Amino acid sequence: MNGDLGKCVRLKQGRVCFTPDTTAGQREILREIPGEREREKAALAAVTSSLISPSTLTHSPVEYERGFKTPAMRALGCRMNLPAVLNGLLVTVVAALLWKYVRLSEHMSLLEEELHLTRQSQEVSQVRIDYHAALLALQEQGTRMVCTGKMHTDRICRFDYLCYCTEAEEFVFFHSNASVMLPNLGPRRFQPALLDLSSVEDHNTQYFNFLELPAAALKYMPKPVFVPDVTLILNRFNPDNLMHIFHDDLLPIFYTMQQYSDLDDEARLVFMEGWAEGAHFDLYRLLSSKQPLLKDHLRNFGKLMCFTKSYVGLSKMTTWYQYGFVQPQGPKANILVSGNEIRQFASFMMERLNITKEQRSENDEYIVVFSRASNRLILNEAELILALAQEFKMRTVTVSLEEQSFESIVQVISGASMLVSMHGAQLITSMFLPRGAAVIELFPFAVSPEQYTPYKTLASLPGMDLQYVSWRNTIEENSVAYPDRPWDQGGIGHLEKAEQERILASKEVPRHLCCRNPEWLFRIYQDTIVDIPSFLEVLSEGLKVKPNLKKLKPVSTVHPGRVRQPKCQTSVQATNEAKLAVSWQIPWNLKYLKVREVKYEVWIQEQGENTYMPYILPHQNYTFSENIKPFTTYLVWVRCIFNKNLLGPFADVLICKT
């Protein structure tokens, strides 16, 4: 090929010449093409020189002369603009890089968004969460719900991936093929609600429900922030009132958490009623190591919040009082809680408040008088304190919610022999009294103690072991009313003149529904001068024994089992005379118990009749002859009774034929 240096080969488009400067490893190809513009394309040879090198020119000049072209030469033969080719290559490379950059940017944005949402989730909770896995679970599995209870009034539901939209202020159930909804009530879910969010039964401001969406809708919605804690979602009923805080919120929350093992100290409470924290929010903090969340807090974390695992609703088993929304207020018809459960809860709260019962000498007994600062005052409080100290030979101290911490008040009450107070929410602290203590509740003029009994009912629960006495002011001159105050503080100035006169002339507030009865508010906000002689007389009559904390022990509430081996024998004495002998063995658990009194109840019913004859017997066998007829079939039931009121179950019915 060295002999070819400096020579040119004629082609149809011109000639190809090999210059003397070309090295063995690389040749520069120059095209002699007519026309000045075309000659500018000669620079293309530098790009393609590696394609036409001495090793690639394997054909003879004759072959080239005949028109043979290599691929490189065919490329050279195209009339192309070199800058355009280079620009095209450059554009292609840049476009590829930009596409890659955009994809990487999108991926980075997604990762940054997930990292941001993960951080938001961890702002809600210190529990680490795999955000991508949680989002995938929500998209693929949707929301899952399983509830207990037959009616909305006794239902609690467990949810996986229940979400809350802060903009719409609605809970959202996302449907997928893997979703579960039990019970699946269809439109009955709105009659009137799925469940009650508070422990106050069937109150229309406390209903819970959710909206439904397909899980596919998530792609059009803001990315959710996940709450990885196990949560209990509920409404507080009235967090500004101590009675409501304990009766409606704290007790039900405590025992709802006892029902479900994963609602432990690490669970988080979520309050959805919309109230601010309130003066006693620290009491709610005692139930969990996690800071409770308010409805307003959720707005700070994002537009869509999803709770990975949550329970919604509260148990109503620990409530004992209804507030008169449907019928005048009073004890619940079916009370399911005893003093034992109340006292366990009180002990838990004292432990969380770091309160320990002080050991005092037997002679160091004292009375506590609750002092109020703004309304419903005892106007002769000092005189009352002196009279109590003289009558019971005990020192008497005062406590005040306005002047003392709640912990210090509970500390004092937990060792008191007697608690004296005007009717009011502060009397809920009587649950911290020791067994054997007395609760003395005072009522203003025209307010009947028999109509307002939340604290009497509490003190009377089996196992509370408290004495209760109420005193009522019957002397109108010893009352100070405030008719010119705002209506919610007992004022009646907004009423018609005739209605004002009627209320002022009334001597007793009639039974009424909650919650804005003006006569009730007018009377309950009166201040009172306590008539000391009548007060001491009521105490003397009402206290069965002097309050004594040392002698009283918890009374057993163990119920008897069924009597064993009941049987009957009959005999006919004459055409109009017969005998029925019934015998049984003691209940199995009785042999392990020390019971003060054991009796047996026997019911005898003639078959086909609607009435029965009851008998209370001290022994395990008895022969009945009175009212027993020959040739008659009798049904006989037997059960055991401990201490007059602890009833056991009836044994299987006996069929006895005379």
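Refer to the structure printed above.
Read on for an overview of the structure. (Residues numbered from 1 in each chain as written. Predicted model: local features only at pLDDT ≥ 70, side-chain atom pairs only at ≥ 80, totals over all residues. Heavy atoms only, no water.)

1. Considerations on the pattern of salt bridges
A complete count under the given rule lists 26 salt bridges for this structure. With its nearest N and O atoms 3.7 Å apart, the salt bridge here joins K309 to D262. Of this pair, K309 sits in strand β14 (residues 304-312) while D262 sits in the loop between α7 (242-259) and β12 (268-271); the two residues are 47 residues apart in sequence, bridging distant segments of the chain. For R395, the salt bridge is made with D364, and the minimal N-O distance between the two is 3.1 Å. With R395 in strand β18 (residues 395-399) and D364 in the loop between α10 (339-352) and β17 (366-370), the pair connects residues that are 31 residues apart, well separated along the chain. On the basis of relative accessible area, D364 is assigned to the partly exposed category, the value being 24%. The structure contains a network of salt bridges with shared partners spanning E169, K295, D296 and R299. (Salt bridge = Lys/Arg side-chain N within 4 Å of Asp/Glu carboxyl O. Helix = DSSP H or I, 4+ residues; strand = E, 2+ residues; numbered from the N terminus. Buried < 20%, exposed > 50% of the residue type's maximum accessible area, 1.4 Å probe, protein only.)

2. Some points on a nonpolar patch on the surface
A cluster of nonpolar side chains, V85, L86 and L89, forms an exposed patch at the surface whose accessible area comes to about 250 Å². Given a relative accessible area of 51%, L89 falls into the exposed group. (Patch = residues over 30% accessible without salt bridge, like charges linked within 9 Å, V, L, I, M, F, W, Y side chains within 5 Å. Areas by Shrake-Rupley, 256 points an atom, 1.4 Å probe, with all protein chains shown as cover.)

3. A word on the nonpolar core
The biggest cluster of nonpolar side chains holds 74 residues, and the ones touching the most others in it are F246, I253, M349 and F432. Ranked by the residues each element gives to this core, the list is headed by α7, at 10 residues. Core analysis: the next-biggest nonpolar cluster, separate from the first, contains 26 residues, F173, L185, L194 and F210 among them. (Core = buried A, V, L, I, M, F, W, Y, C linked by side-chain atoms within 4.5 Å.)

4. Overview of the state of the cysteines
Each disulfide consists of a covalent bond between the sulfur atoms of two cysteine residues. Scanning all chains against the criterion turns up four disulfides. Covalent S-S linkage joins C163 and C306, the inter-sulfur distance amounting to 2.1 Å. Residues C163 and C306 are joined by a disulfide whose S-S torsion is about 100 degrees; by sign, that bridge is right-handed. Separated by 143 residues along the polypeptide, C163 in strand β5 (residues 156-165) and C306 in strand β14 bring together distant segments of the chain. By relative accessible area, which is 0% here, C306 ends up buried. Sulfur-sulfur distance for the disulfide between C568 and C656 comes to 2.1 Å. Taking the torsion about the S-S bond as the criterion, the C568 to C656 disulfide, at about -115 degrees, is left-handed. Here C568 is found in strand β24 (residues 564-574), whereas its partner C656 is found in strand β31 (residues 654-657), with 88 residues between them in sequence. C165 forms no disulfide, and the closest cysteine sulfur to it belongs to C163, at a distance of 9.8 Å. (Disulfide = S-S within 2.5 Å.)

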